[in-house]
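# Descriptive analysis of the structure
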Amino acid sequence: MKAHSKSEWRTKWTHTLRDYRRILAMIHRRRPGMLAAALMQALLRGALPFIALVYGARILNQLIAGAPEAQIFSTARTMILLSFAANVLVHALARVGDALALDTCNQTDIALAQKCLTMDYQQLETPSIMEMLWHAMDTAGNHGGIHVFCQNFAAAAAGCFSLLYALIALGFLFVPAQGAADTPVVRALNSPLAALGLVAVVLACSLLCVPLLRRINALNLEQEEQSRPISLREGALHRMRRIQCGSMDVRAYGFADLGLKRLKAFGEAYMGVLSAFMPRMGRCWRLIILTAQLSSLFAYLFVGAKALCGLCSVGDVTLYVGAITSLNAALQYAAQMHLQRVYLNEYDAFISLPSEKYNGTLPVEKRTDGDYAFEFRHVSFRYPGQTAYSLRDVSFQIRTGAKLAIVGPNGAGKTTFIKLLCRLYDPDEGQILLNGIDIKKYDYAEYLSLLSVVFQDFKLFSMSLGQNVAASAHVDEDRARDCLQKAGFGERLASLEKGLDTGLYTDAEDGVSISGGEAQKIAIARALYKDAPLVILDEPTAALDPFSEYEVYSSFDKLVQGKTAVYISHRMSSCRFCDEIAVFDGGRIVQHGAHEALLADEGGLYRRLWDAQAQYYKEKKGHAAAP
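Residues numbered from 1 in each chain as written. Predicted model: local features only at pLDDT ≥ 70, side-chain atom pairs only at ≥ 80, totals over all residues. Heavy atoms only, no water.

### Details of the overall build of the protein chain
Operational definition: Counting from the N terminus, the helices are DSSP H or I runs at least four residues long and the strands are E runs at least two residues long. For every residue, the accessible area obtained with a 1.4 Å probe (protein chains only) is divided by the maximum for its type, and the residue is called buried under 20%, exposed over 50%, and partly exposed between those limits. A contact between two residues is defined here by any heavy atoms of the two lying within 4.5 Å. For the accessible areas, the method is Shrake-Rupley and the probe is 1.4 Å, while residue cover comes only from the protein chains on display.
The helix and strand inventory of the protein chain stands at 22 helices and 10 strands. Per-residue burial over the protein chain gives 44% buried out of 627 residues. For the protein chain, restricting intrachain contacts to residue pairs at least 6 apart in sequence, the fraction spanning at least 24 positions comes to 73%. By element, 60% of the accessible surface of the protein chain is carried by carbon and sulfur atoms, the whole surface being about 33000 Å².

### A word on unusual backbone geometry
Even without glycine at this site, His378 takes up a positive phi of about 50 degrees. On the secondary structure map, His378 appears in strand β1 (residues 374-381). Its identity as a non-glycine residue notwithstanding, Ala471 has a phi of 55 degrees, on the positive side. Mapping Ala471 onto the fold places it in the loop between α15 (465-470) and α16 (477-486).

### Concerning the sheet that holds strand β4 (residues 429-434)
Going by this rule: For two strands to pair, DSSP has to find at least two bridges joining them.
If you trace the 4 strands from one edge of the open sheet to the other, you get β2-β1-β4-β5, paired in antiparallel fashion. Every interior strand has two partners, whereas the edge strands, β2 (391-398) and β5 (437-438), have only one.

### Let's talk about the packing of α16 against helix α18 (residues 516-530)
A pair of packed helices is characterised by two quantities: the angle between their axes and the separation of those axes. Selection criterion: The axes are straight lines fitted to the C-alpha atoms, using for helices just the contacting stretch, and the angles between their N-to-C directions are given from 0 to 180°. Oblique is the label for any angle not covered by the other classes, which are roughly parallel (under 35 degrees), roughly antiparallel (over 145) and roughly perpendicular (65 to 115). Note on convention: near helix rotated counterclockwise from far helix by under a right angle means a left-handed crossing. Clockwise means right-handed. For this scheme, ten residues count as nonpolar: Ala, Val, Leu, Ile, Met, Phe, Trp, Tyr, Cys and Pro. Four count as charged, namely Asp, Glu, Lys and Arg, and the remainder, Gly too, count as polar.
Two elements in contact, α16 and α18, have axes whose closest approach is 8 Å; the angle formed by their N-to-C orientations is 130 degrees. Of the possible angle classes, the one that applies to α16 and α18 is oblique. Remark: the crossing between α16 and α18 carries right-handed chirality. Contacts between α16 and α18 involve Arg479, Ala480, Cys483, Leu484 and Lys486 from the former and Ile522, Ala525, Leu528, Tyr529 and Lys530 from the latter. Its residues assigned to classes, the contact of α16 with α18 comprises 7 nonpolar, no polar and 3 charged.

### A few points about the sheet that holds strand β9 (residues 580-585)
Taken together, 6 strands build an open sheet; the order of strands is β6-β7-β8-β3-β9-β10 and the sheet is mixed. Unpaired on one side and paired on the other, β6 (451-454) and β10 (588-593) mark the two borders of the sheet. Shown here is a sheet whose adjacent strand axes are inclined to one another by a mean of 15 degrees, direction ignored. Here β9 pairs with β10 via 5 bridges, running antiparallel. From the neighbouring strand, Ile581 faces β10, where its bridge partner is Gly593. In the packing of helix α22 (residues 605-614) onto the sheet, contacts are made with β3 (403-407), β9 and β10, and the angle to β9 comes to roughly 90 degrees.

### Quick look at the pairing of β3
Two faces make up the sheet, and in a regular strand the side chains alternate between them. Burial analysis of β3 places 5 of its 5 residues in the buried class, the great majority of the element. Taking every second residue as pointing to the same face, both faces of β3 are buried, with Lys403, Ala405 and Val407 on one and Leu404 and Ile406 on the other. Pairing analysis gives 4 bridges linking β3 to β9, with the strands arranged parallel. The partner of Leu404 across the bridge, within β9, is Glu580.

### Digging into the environment of Leu173
Tracing the chain through its elements places Leu173 in the loop between α6 (145-170) and α7 (184-190). Classification of Leu173 by relative accessible area gives buried; the value is 2%. Put simply, Leu173 and Ser191 are 18 residues apart on the chain and 9.1 Å apart in space, counted from C-alpha to C-alpha.

### Quick word on the environment of Tyr20
When you line up the elements, Tyr20 lands in helix α1 (residues 2-30). Judged by its relative accessible area of 16%, Tyr20 falls in the buried class. It is 9.9 Å that separates the C-alpha atoms of Tyr20 and Leu344, two residues lying 324 residues apart in sequence.

### Describing the side chain of Gln62
The line we're drawing: In the analysis that follows, any N or O atom pair within 3.5 Å is treated as a polar contact, provided that within protein one partner can donate a hydrogen and the other can accept it, and provided that, for residues neighboring in sequence, both atoms belong to side chains.
Note on placement: Gln62 falls in helix α2 (residues 32-65). Here Thr75 takes part through its side chain, which lies 3.1 Å from a polar atom of the side chain of Gln62.

### As for helix α13 (residues 414-421)
Among the 8 residues that make up α13, 7 are buried, leaving the element largely enclosed by the rest of the structure. Taken together, the buried positions of α13 are occupied by Lys414, Thr416, Phe417, Ile418, Lys419, Leu420 and Leu421.

### A look at a nonpolar patch on the surface
To keep it simple, the criterion reads: Only residues whose relative accessible area exceeds 30% and that take part in no salt bridge are eligible for patches, with like-charged residues grouped when within 9 Å of each other and nonpolar side chains (Val, Leu, Ile, Met, Phe, Trp, Tyr) grouped when within 5 Å. Any carboxyl oxygen of Asp or Glu that lies within 4 Å of a side-chain nitrogen of Lys or Arg is treated as forming a salt bridge with it.
Side chains of Val201, Leu287, Leu290, Leu294, Leu297, Phe298 and Leu301 sit close together on the surface and give an oily, nonpolar patch of about 600 Å² of accessible area. The element that contributes the greatest number of residues to the nonpolar patch is helix α10 (residues 255-308), accounting for 6 residues. With respect to the helices, strands and loops of the structure, Leu301 is situated in helix α10. Since its relative accessible area comes to 53%, Leu301 is described here as exposed.

### A closer look at the packing of aromatic side chains
We apply this condition: Pairs were defined over the aromatic rings of Phe, Tyr and Trp, the Trp ring being its six-membered one, requiring ring centres within 6.5 Å. Orientation was assigned from the angle between planes: stacked under 30 degrees, edge-to-face over 60, tilted for the rest.
Tallied over the entire structure, the rule returns 9 aromatic pairs. Their ring planes at 90 degrees and their centres at 5.3 Å tell us that Tyr383 and Tyr425 sit as a pair that is edge-to-face. Residue Tyr383 is found in the loop between β1 and β2, and its partner Tyr425 is found in the loop between α13 and β4; the two are separated by 42 residues along the sequence. The same class applies to Tyr383 and to Tyr425, which are both buried. Between Phe417 and Phe584, the aromatic rings sit 5.4 Å apart at their centres with planes inclined by 65 degrees, giving edge-to-face as the arrangement. Of this pair, Phe417 sits in helix α13 while Phe584 is found in strand β9, placing the two residues 167 residues apart along the sequence. For the pair Phe417 and Phe584, one class covers both residues: buried.

### Regarding the nonpolar core
For clarity, the cut-off: Only buried residues count toward a nonpolar core, which is a set of Ala, Val, Leu, Ile, Met, Phe, Trp, Tyr and Cys residues joined through side-chain atoms within 4.5 Å.
Formed by 45 residues in total, the largest nonpolar core has its most connected members in Leu465, Val469, Leu484, Ile522, Ile581 and Tyr606. Here this core takes 8 residues from α18, the largest share from any one element. Not counting residues within four places of it along the chain, the set of residues in contact with Ile581 comprises Leu404, Ala405, Val407, Cys575, Gln591, His592, Gly593, Ala594, His595, Leu598 and Tyr606. In this structure, Val379, Ile432, Tyr442 and Tyr447 belong to the second largest nonpolar core, which totals 34 residues.

Right under this line is the structure:
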């Protein structure tokens, strides 16, 4: 059992030291000078109290001894100059450290954002990884992240330096005073063993604090574990409130009362967790304070008795007691740094997540004829955490230059088909091929350069109109205007005073509000601007009015400019503009062919979908007038 305990202890400390090395290496990579500045500041900050203690004791001894005023003033002047210089340096290093800390915090946020933007899309939709992301964000935000760790690191280093200074100062207690009276009490107090006994008692008091500090850390972590879900839900509600405080639905349906009630409930739940832990942590801190006071009491009694026996000066009492009381500081800071280490491990665990997706290195062949053939070969796929397949044994070829429409009821697998084609996910079974080669083998960035996509849930950003179209800080203005014109945004563009430099949405500087239909036109223009050989439009006219929809369809060939195009739409009218149609149902392709051929199959799903929509339109000449 004893050997097992030693092994566990050794393993624990190995892991702890490894964590510290990893965190310090991470900080050094982000801001190389930060740790050096923190250590320099700690060295000086640890020395500051001892400048006052050493020179204060010397001045007191000189006053008691009746030393000349010039000597006393000289000692005081030296103390003031040293203290002033040390304080100036400490504050200068503190300003440098604060600037480096702010920069490090900014880099920490950037690293977190970069990880989210570059990690596998499939990972970001995995619940366990999303939980890791929230923990990492909480660590970097609520618990201060690297900035607080560096503060605690500097404080712990300062405590270690103070400990070193204290041990040097206490070393004089072990030197017997000469010419002391030869009595049992004086001999006992003058013995180095007595000084060793005092130091042992003080260190024992400090070591008694270790389990208490560990208990506090454990309570902090347990409290965090219980309160984190409440904090995340409350934070999400706060964000929703900030975004939707001006929402018309809030006014129309009276969501304000419900939102305030939920906020109050979250606050009460959070305070309930805190109230369960605060008394227990308070008891631990009171015991730590009591232990520190006992340590100071032993110091005063021992050093005071030595002074009364003439074994040290009265000024030395303040020096030795101050040195002894400083021994406890390093332990508390080290405990706080340990707690921060646990939090930063969560941040580092997310940042260090490996990619699950195989990243190929094969370059994509650059072709001027746009001859890129895509093929699904027995592809099956289900989303993470789901048991049902979204696609099942799908085999299909997208011919070069073809205009393909994908239709089917909701949940048939249409958008999943596109996500796999864009390699946002990899198939669970089967292969997707580009010119006969598995797309996994291609360089991912080069493969994506072949695709221009307007997703059903596309996003525009609070940037300029031109940057939203170009997806870049550099905008080819003539090309951007041409794409916006083709997408039907030309009239609105002409009305904008700043043109392509106009900020989108009201949270951008001088930003303008845009409708859902206008946003969709901008998204289509972005796909055209990319000028990729394969254009994918997922519900491209869902937010457009009938006139804008007709404008998009009537200029469809001009929009795609002879490229391969894939259309997903619930509006059957889009199918008439396409060369071929794939009908999805239950994750499979149940029909495939041209519009007229599929329409002629009266028992087929395509005909049923067509007829279901046709009843909402006025028929003029049979099926030709259908949507």
